[in-house]
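Descriptive analysis of the structure
As a plain string of letters, each chain reads:
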There are 4 protein chains.
Amino acid sequence: MSHNSFGHLFRVTTWGESHGPAIGCVVDGCPPRLALGEADIQPFLDRRRPGQSAFVTQRQEPDQVRILSGVFEGLTTGTPIALVIENQDQRSRDYGEIKDRFRPGHADLAYELKYGIRDYRGGGRSSARETAMRVAAGAIARKVLGPDVTIRGALVQMGGDAVDRAAWDWAAVGENDFSCPDRAAARRWEQALLAARKSGSSLGAVIEVVAEGVPPGLGAPIYGKLDAEIAAALMGINAVKGVEIGEGFAAAALTGEANADEMRMGADGRVVFGSNHAGGVLGGISTGQPIVARFAVKPTSSILTPRQAVDRHGREVDVLTKGRHDPCVGIRAVPVGEAMLALVLADHLLRHRAQNPDAPDSARLPRN
Amino acid sequence: MSHNSFGHLFRVTTWGESHGPAIGCVVDGCPPRLALGEADIQPFLDRRRPGQSAFVTQRQEPDQVRILSGVFEGLTTGTPIALVIENQDQRSRDYGEIKDRFRPGHADLAYELKYGIRDYRGGGRSSARETAMRVAAGAIARKVLGPDVTIRGALVQMGGDAVDRAAWDWAAVGENDFSCPDRAAARRWEQALLAARKSGSSLGAVIEVVAEGVPPGLGAPIYGKLDAEIAAALMGINAVKGVEIGEGFAAAALTGEANADEMRMGADGRVVFGSNHAGGVLGGISTGQPIVARFAVKPTSSILTPRQAVDRHGREVDVLTKGRHDPCVGIRAVPVGEAMLALVLADHLLRHRAQNPDAPDSARLPRN
Amino acid sequence: MSHNSFGHLFRVTTWGESHGPAIGCVVDGCPPRLALGEADIQPFLDRRRPGQSAFVTQRQEPDQVRILSGVFEGLTTGTPIALVIENQDQRSRDYGEIKDRFRPGHADLAYELKYGIRDYRGGGRSSARETAMRVAAGAIARKVLGPDVTIRGALVQMGGDAVDRAAWDWAAVGENDFSCPDRAAARRWEQALLAARKSGSSLGAVIEVVAEGVPPGLGAPIYGKLDAEIAAALMGINAVKGVEIGEGFAAAALTGEANADEMRMGADGRVVFGSNHAGGVLGGISTGQPIVARFAVKPTSSILTPRQAVDRHGREVDVLTKGRHDPCVGIRAVPVGEAMLALVLADHLLRHRAQNPDAPDSARLPRN
Amino acid sequence: MSHNSFGHLFRVTTWGESHGPAIGCVVDGCPPRLALGEADIQPFLDRRRPGQSAFVTQRQEPDQVRILSGVFEGLTTGTPIALVIENQDQRSRDYGEIKDRFRPGHADLAYELKYGIRDYRGGGRSSARETAMRVAAGAIARKVLGPDVTIRGALVQMGGDAVDRAAWDWAAVGENDFSCPDRAAARRWEQALLAARKSGSSLGAVIEVVAEGVPPGLGAPIYGKLDAEIAAALMGINAVKGVEIGEGFAAAALTGEANADEMRMGADGRVVFGSNHAGGVLGGISTGQPIVARFAVKPTSSILTPRQAVDRHGREVDVLTKGRHDPCVGIRAVPVGEAMLALVLADHLLRHRAQNPDAPDSARLPRN
């Protein structure tokens, strides 16, 4: 069961509310003797941190992570790693407005119907603040995967405006505030986002995450398929409404010939594919090709434009949300998507090792 | 861990290969005292059964299910329900062609890299034949959900040709060979599919599944979200490359105002929504609105047009697949998608009951 | 969740009732490329099989196992292995006597209170017949553990009469009908058992199981301790009321000095212990010493002497059980205990490999 | 998987080392709207706390628990409850003596063989300090079970000296430093323990835990049996070597007639048992009778008498342990045993509800 835990062998359990004293997680199953310190985790948190540009929420959180267990003299010990971040900017304010109201697009009503109680301050448990712990745990997952596996993400669409794939440059991703790989698109998005904010509106987005260097054989048929677990991992991020692997929905419109990833032998005895419509996964198992996934994030539900809603007493009300909000929550979802992909891969790496102690670490053929 | 099991409290474990003596599953966690017999399961299997029209594989399998345990005098006993279907049409033939070859788009290479061995006959474990057991288990899940929950599916796109939603008629779904809710589209698809088959090609598809009457409160934050588990369930179906909930990828292009599902109070004290962009799920929890999900199926990989590939000895070969294959595997995926949705919902219904023994069965407000 | 599944990475799910058409199990997570056939499993089933001596039930069951999946050309494929045994001797008879009655010491009342329904024929799901599948799965677990791990069991006490440990001879175990390692005790037990049967009574027993050659490092603190999982595995066998590891309950009466297992270095660089009070487990982790566990089986509840009971209508009745029953169920529990120990060890071997890919396979020191 | 998690639906994950900055746990799956505050947990921690009498370790730890999440305005919210206790008395000292040495009876060697690294300070993760979090989580489990369920424990044997059951008085348990229900035995134990300490030795113990008011129907055949999970829960406590339910090992020496718990109907329509050899569990399911379990704790391994050992460099050394240690660790294991029993029962209560939404809350017959 996995109410608040993610993964099986590399297992993360998170806790904490947006405006409680702290948020944290426990990472269980990490292999021993990996070098690990706060400095390995903090840079990833800093990328997700609020308040860093004009295009994200202005809540100020240093998001300073502390390791409370599982590391001894700079090395993991194989015992659970507890991480904690104290909440700083729990801005004291009047919650009267949202205390009883069910904001459209938020979890308010759903939590109320499920539990009959909810911590309404800043969204409580349903706040995207929880994703900080995913990013922190994801940094440890990268350690487990090792230096040969590279996981990167980029925003490939904001609102209805997609990047030009011919203009893709990974170097551009770090140069703008949107993790956009297309410099021209980044300039257009800047204008679009300022306009949306000004009009009290918000924008959705599509994010692409890519893992390179993933060994073949990760994933477990039938109900532990790598792509199925990636789908769950990404769909579980706040505000995500769609997930696709490789060619994704576009595959439905291709013919069988066009969609086939043809194979040839490389000089090093590995299989070389002529294309990657599959997104690196066949039959739920990694093939050694890059894992490519995309997910769609809906526009931020917290907007200044009033919307019709109800409150917990059954009264009809109008809701508009003032305050510090991301006009496009997709922007800060990029490092979260990368982290979730890292978590799935680290978990599957351990699962694969368990059943295949003599597993090959390459796509070299033939085995015998 | 869930290599071959699906679900947590309502848990299905499947086994069997395409050309082995039989396939089967064990359904564990089914509540006691539900009326259940083979006749409750067979109709769903018959819908997925091969050989029923010119548009699906001609393999002849009666797919007659037998219940071997867990039912006593017509009622479930709370103990595991074992189901088995014997494989009949294991057509004796020469597997020499595919024995050593890795067919593009198939799991052949991935299984070889993972396990170093595979049952190549008809795809072995990776064959979609396994989905018969999902459909069978899904029929039991429907019993658990009860008569107030309705789960239906339809093919909404074949190749690049989508249905006209204005022409949607659920009654049409049962009238054509494609589960198509738009009669005009069904006629077009018939031509397209015959043309694809004739040219040795194949087509992809998009399927929509809808669950109505689902009680609110199902789903568990943060890592047991209802939409995340639906995403995994659908992505885990053979050949699926994308999954979306409610507005899905289209949500990325909407503004916050346009995407908001506004709420009013109904006469019966329930919340009434003005739209369903969310697809029935907020914060990972059902709201009482219909659950709406779609998934994209790639075109059948087994085609008559030769494609470049390699074999297990590292030799470069050309592969083309003769024999009995679905020109559009999406068609038979409709009942499978329905079944997976039923399985997720039944599992979450039990999980919800566990934590909320006094859970309300309606969206009526206020609770207190 | 584990209603009817045992283990995590090497996972067994059983199904079936005593008088249903068949019993079976699914073994998931078995590593690929192990040689496996029915002939590897059948000998263990034959040891547990009823009707083989005057001292066990006369029910006649050939208990012929069939492998339905997961094995291809004599090798495991890494996919789930389905095993099935058809029930033969479902002796047609009048169940009127036990249909409504709750037999003392049996699960009748408990199932009724839990489920409100039960398959009363031969005890249904609660019958020890289910343990045949544990023995079958245990045979596969032995394959996973490999030839260096030896698992044996012996009856060390029948009724109040314990073996003389000075007279212990493993060779004797196979020579008598009780798996007794002390030839003199075996002769005494024969008389005791005949007397108990004659008087319509029954006897309890204590069984010891020992695993030698177990690599160090198996087991996972804090809640996956090897001894804790062995305890659950053995306590879960029908009629078991107590479990102990190493010195067990007797440890409570020892002083700290007497209970210490002192260590010296062996010529081969391995740690040599002067004693094994710990039973091969420290801190929940194997040390390389033999794993030693014992479990107590209560006297058979089905006896000819009438006992007071009630029926499902709340009427007070007397119950006595005629028919085919083991006068000492402990005898046939020996292979079941061995199987459970094998299942725990195989599961932990896989779990250990997952977290420790470079795990040493010996107790040799120092590591660095 | 459950390396550091306990339970399935009521799930506790602990973290922390003896001499790290803090220890903590996450309790997931707690039903919403239960009144909960630190004051509900602290009294149980105070009973387990070190330094409270001359008979336990003199380490001074206030063990002040803090709730960091999952509780809002005094009520649980259904989201994960994080608990933390800061370590205070991490006495600065020279660990040179135990840094490299493997103390007999401790987990030192086993951790080294498994992980190749260990936090040796105070035993690190293997220290019984971790059990403080079990006690804390157990306090929440009691809330889930409600006021009708009473869970109590007592020390029933110290060294070889058992209590006189005829002299049992629950009131006596709180009056002495040993949780001893027999006042005369308590006086004898005081002398024995002082003598053991004086001679640099230590004593073992047997603890009995009893749960009254447990509803029938808890437990899940075949591999989630209530008694099997109690066995694992108790065997997993530090230093425990044996577990028994009801009559336990003594059942092996009883005849079938003597061991039968006969049944009559009570005036209130419930089944009344004439005895409780079964310890409240039949077929792995609670019957409504008191749940009775016992566990044996070995004598403290840390003693002043030197014992032969080895170090991590493979050198033979003598080990004796100075410092603050419990001369009988069984004493402080009493509240831990109670907590583990509470955790198992709370988990099974939720599991039972899931599968049996209309479960009866009494043993009243007949159901229909």
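The rules behind the values
Residues numbered from 1 in each chain as written. Chains lettered and ligands numbered in written order. Predicted model: local features only at pLDDT ≥ 70, side-chain atom pairs only at ≥ 80, totals over all residues. Heavy atoms only, no water. Helix = DSSP H or I, 4+ residues; strand = E, 2+ residues; numbered from the N terminus. Rg over C-alpha atoms; globule rule 2.2 N^0.38 Å. Buried < 20%, exposed > 50% of the residue type's maximum accessible area, 1.4 Å probe, protein only. Contact = heavy atoms within 4.5 Å. Buried area = accessible area lost by both parts, 1.4 Å probe. Salt bridge = Lys/Arg side-chain N within 4 Å of Asp/Glu carboxyl O. Polar contact = N/O pair within 3.5 Å; in protein donor to acceptor, adjacent residues only side chain to side chain. Pairing = 2+ DSSP bridges. Nonpolar A, V, L, I, M, F, W, Y, C, P; charged D, E, K, R; others polar. Least-squares fit on C-alpha atoms with pLDDT ≥ 70 in both. UniProt positions renumbered as here; feature names shortened; annotations may be inferred. Axes fitted to C-alpha atoms, helices over the stretch in contact; angles between N-to-C directions.

1. Some points on the overall build of chain A
Counting secondary structure elements, chain A contains nine helices and 19 strands. The globule rule puts the C-alpha radius of gyration for 368 residues at 21 Å, and the 21 Å found for chain A is close to it. Along the first, second and third principal axes, the C-alpha set of chain A runs to 70 × 50 × 40 Å. When burial is assessed residue by residue, chain A has 67% of its 368 residues classed as buried.

2. Let's talk about the interface of chain C and chain D
In this complex, chain C contributes 116 residues to the contact, which on the side of chain D involves 117 residues. In total, chain C and chain D occlude about 9,300 Å² of area from one another, counting both sides; carbon and sulfur atoms represent 60% of this. It is Lys 114, Tyr 223 and Lys 241 of chain C in chain C that bury the most area against chain D; as a group they hold 10% of the surface buried on that side. In this assembly, chain C and chain D are joined by four salt bridges. Across the salt bridge formed by Glu 316 of chain C and Arg 264 of chain D, the nearest N and O atoms sit 3.5 Å from each other. Along the contact surface separating chain C from chain D lie 45 residue pairs in polar contact (both at pLDDT 80 or more). Here the side of chain C that touches chain D takes seven residues from helix H3 (residues 108–115) of chain C, the largest share from any one element. One ladder, built from three bridges, connects strand E12 (residues 240–245) of chain C with strand E12 (residues 240–245) of chain D; its direction is antiparallel. Looking at the pairing, Val 243 of chain C lines up with Val 243 of chain D of E12 of chain D.

3. Description of the interface of chain B and chain D
With 16 residues of chain B in contact, the opposing surface of chain D contributes 16 residues. Summed over both sides, the interface between chain B and chain D buries roughly 1,300 Å², with carbon and sulfur atoms accounting for 51% of that surface. Ranking the residues of chain B by area buried against chain D places Arg 33, Ala 354 and Gln 355 of chain B at the top, with a combined share of 40%. At the boundary of chain B with chain D, the tally comes to four residue pairs in polar contact (both at pLDDT 80 or more). Split by residue class, the side of chain B that touches chain D holds eight nonpolar, four polar and four charged.

4. Describing the relation of the copies chain B and chain D
Overlay of chain B on chain D (RMSD 0.0 Å): rotation 180°, translation along the axis 0.0 Å. Expressed as a symmetry operation, the mapping of one chain copy onto the other fits a two-fold axis. Closest approach to the rotation axis within chain B is made by the C-alpha atom of Ala 354 of chain B, at a distance of 2.1 Å. Of the interface residues in chain B, 100% have counterparts in chain D that sit at the interface too, so the contact is made through matching surfaces.

5. A few points about the UniProt feature "binding site: FMN" (unreviewed entry) in chain A
Under the feature "binding site: FMN" (unreviewed entry), the UniProt entry names Arg 125, Ser 126, Ser 127, Asn 238, Ala 239, Gly 283, Lys 298, Pro 299, Thr 300, Ser 301, Ser 302 and Arg 324 of chain A. Structurally, the position occupied by Arg 125 of chain A is in the loop between helix H3 (108–115) and helix H4 (131–145). Arg 125 of chain A gets classed as buried once you look at its relative accessible area, which sits at 2%. Beyond its immediate sequence surroundings of up to four residues, Arg 125 of chain A is in contact with Asn 4, Thr 14, Trp 15, Gly 16, Glu 17, Tyr 111 and Glu 130 of chain A, Ile 222 of chain B together with Thr 79 and Pro 80 of chain D.

6. A word on the UniProt feature "binding site: NADP(+)" (unreviewed entry) in chain A
All names here are of chain A. With numbering matched to this structure, UniProt assigns "binding site: NADP(+)" (unreviewed entry) to Arg 48. Considering the arrangement of structural elements, one finds Arg 48 in helix H1 (residues 38–48). Owing to a relative accessible area of 2%, Arg 48 belongs among the buried residues under this scheme.

7. Section: the environment of Pro 62 of chain B
All names here are of chain B. Within the secondary structure, Pro 62 sits in the loop between helix H1 (38–48) and strand E4 (65–67). Each C-alpha atom of the pair Pro 62 and Gly 51 lies 9.4 Å from the other, and the pair is 11 residues apart in sequence. Apart from the residues lying within four places of it in its own chain, the contact partners of Pro 62 are Gln 42, Arg 49 and Gln 88.

8. Section: the sheet that holds strand E10 (residues 161–162) of chain A
Pairing within the open sheet is antiparallel, and its 10 strands lie in the order E10(A)-E9(A)-E11(A)-E17(A)-E12(A)-E12(B)-E17(B)-E11(B)-E9(B)-E10(B). Looking at which strands have only one partner, the edges of the open sheet turn out to be E10 of chain A together with strand E10 (161–162) of chain B. Here two bridges tie strand E9 (residues 150–158) of chain B to E10 of chain B, and the two strands are oriented antiparallel to one another. What sits directly across from Gln 157 of chain B, in E10 of chain B, is Ala 162 of chain B. Together, E9 and E10 of chain B form the strand contacts of helix H6 (residues 183–198) of chain B, whose direction differs from that of E9 of chain B by roughly 60°.

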